[in-house]
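Breakdown of the fold
For reference, the chains in residue letters:
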Amino acid sequence: MKKTALLSLLMVCAMCVSAQTVNIAVHPSQGTQKISKHIYGQFAEHLGTCIYGGLWVGEDSDIPNTRGYRTDVLEALKRLSIPNLRWPGGCFADEYHWMDGIGPRENRPKMCNNNWGGLIEDNSFGTHEFLDLCEILGCEPYVSMNVGSGTVEEMAKWVEYITSDGDTPMAKLRRQNGRDKAWKVRFIGVGNESWGCGGNMRPEYYADLYRRYATYCRNYDGNRLFKIACGAGEYDLNWTETLMKRVGTRMDGISLHYYTVTGWRGKKGDAVNFDNEDFYWTMGKCLDIENAIQQHIAIMDKYDAKKRVGLMVDEWGTWWEPEPGTQLFQQNTLRDAFVAALTFNVFHKYTDRIRMANIAQIVNVLQSMILTRDDKMVLTPTYYVFEMYKPHQDATYLPLDIDTPTREVRDNRVVPMVSASASRDAEGAIHISLANIDVDKAQKVRITLDEVKASAVTGTILTSKKITDLNTFDKPGKIKPENFKGAKLTKDGAIEVVLPAHAIVMLEIK
Ligand code: AHR
């Protein structure tokens, strides 16, 4: 077949509508749980150019900055209403000694960033720079503390330095360093991946260490800590079981790390060069997070029926081959946007247990919101999913039933072609996020809302010609949300949607 004929055939296919109507029944009166806004958390690690170059360029840089923070990045991040920001790692956290990162910058000792390329870390971005950044962004800090190579005393003093307002030694030191009032910090992580880069520990040993370290993290002057224990990677159920048994409600949260990583046959996939089967495989691996979540929650329920301990998915996202010569810098296509959309749709379902999640990572590392090169900045397709999904933050989760075609993909997984999630905000507006995974076919979707009769529907869509499309430094505006005109009300108050192939849509219904 000639190339032009093949192209026209492909284009016709892209507009094909699936023969089957997807039915979605939303149940507004069954909504009882709030989707914690903290599910939309971010993560910044001293890794590659996440901190240096991405967030922080220093006051003397030629790149426009606000007290050392890149102004373009700050402005873009403010638009996401970030609820919390995790720092300083990741693996970096268990080698980080916070006292090296305070006081006059020129006096701060340097260190080797052993986890990430052995680069020299000059500690110019430390506790004050991080907590000031959180104040500028209006988000809560989540400080991940060092158990692997740090002492109990070091951790206890860090908490005192940040949160004590009294006449205590660490509060005095903080004041000498220019900050009079204590910061309010709720979220602290007691170790990161203690089963791996955080100390290669067994769960029994870590459980005891958690109990000991957490004991000396005190509540100063009205600050109330929310202590998060290091949890499992993916399907390590034994880790969760041991922690629940031995630590139980001494922890406020336990983490879970789940990456959409390892492409077909054990290789990490390429971030931009992939075919439809790779795309569908990615959707399958991403959606399998639900399976992992269910299994961890089942164990937690056994020991904590009242759901006092939160499951905090404090690292998630795609992990592709890094660009040559970089530390985990990867591009971000429409496929990554799908991973974000589908993952949120899953998190919402378990909002009674999942209290926080942090995508890895905010800038220039793995599935980023933003990529920077020198003074240039690109907002990724993933950024736009976070922007479109903002109405779900702290809204009431509305259960729904969905009847959708499915597809069998590699690794014997079955993926639904359409994924959906619904919530109601404080003003009563209903938001429904929809994703049509089908690369080629549009879907006809009919949405009913039980007793609620909709009177207006508007929407936003994120899509592009190809699933491999992306925003680059040369063409930063290729993919961005547009107004969506494909939804209309029916006479009986339902909504009919024609959801284009490979598209993510957010509807607002009043
Ligand atoms: O996000 C990159 C790394 O992945 C983190 O440092 C570590 O916690 C995880 O293994």
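Residues numbered from 1 in each chain as written. Predicted model: local features only at pLDDT ≥ 70, side-chain atom pairs only at ≥ 80, totals over all residues. Heavy atoms only, no water.

Focus on helix H8 (residues 276-287)
- Given a rise of 1.5 Å per residue, 12 residues ought to cover 16 Å, and the 17 Å separating the end C-alpha atoms of H8 matches this to within 8%.
- The buried count for H8 comes to 9 of 12 residues, which makes it a mostly enclosed element.
- Those residues of H8 that fall on the buried side of the exposure criterion are Phe279, Tyr280, Trp281, Thr282, Met283, Gly284, Lys285, Cys286 and Leu287.
- Against the buried residues of H8 lie strand E11 (253-260), helix H9 (289-303), helix H10 (334-349), strand E18 (406-409) and strand E19 (413-416).
- The backbone nitrogen of Glu277 lies 3.1 Å from a side-chain oxygen of the residue at the head of H8, namely Asp275. (Helix = DSSP H or I, 4+ residues; strand = E, 2+ residues; numbered from the N terminus. Expected span 1.5 Å × (residues − 1). Buried < 20%, exposed > 50% of the residue type's maximum accessible area, 1.4 Å probe, protein only. Contact = heavy atoms within 4.5 Å. Polar contact = N/O pair within 3.5 Å; in protein donor to acceptor, adjacent residues only side chain to side chain.)

Comments concerning the site of the ligand
- Around the ligand sit Phe43, Glu45, Gly90, Cys91, Trp116, Asn192, Glu193, Tyr259, Glu315, Trp319, Gln361 and Leu366, and those are all the residues in its vicinity.
- One of the side-chain nitrogen or oxygen atoms of Glu45 is found 2.7 Å away from an oxygen atom of the ligand.
- At 2.8 Å from an oxygen atom of the ligand is found a main-chain nitrogen or oxygen belonging to Cys91.
- Coverage of the ligand by the protein chains reaches 94% of its 290 Å² of free accessible surface.
- Considered class by class, the residues forming the shell around the ligand number 6 nonpolar, 3 polar and 3 charged. (Near = heavy atom within 4 Å. Areas by Shrake-Rupley, 256 points an atom, 1.4 Å probe, with all protein chains shown as cover. Nonpolar A, V, L, I, M, F, W, Y, C, P; charged D, E, K, R; others polar.)

Points about the sheet that holds strand E16 (residues 396-398)
- With respect to topology, 6 strands assemble into an open sheet ordered E16-E20-E21-E27-E23-E24, the strand pairing being antiparallel. Because the sheet does not close on itself, it has two edges, and the strands there are E16 and strand E24 (482-483).
- Both strand E23 (residues 457-462) and strand E27 (residues 503-509) contribute to a ladder of 6 bridges, which runs antiparallel. Bridge pairing links Gly459 to Leu507 in E27.
- Those strands touched by H10 are E16, strand E20 (418-424), strand E21 (430-436), E23 and E27, and its axis lies near 55° from that of E20.
- Against the sheet, helix H11 (residues 381-388) contacts E23 and E27, and its axis sits at roughly 165° relative to E23. (Pairing = 2+ DSSP bridges. Axes fitted to C-alpha atoms, helices over the stretch in contact; angles between N-to-C directions.)

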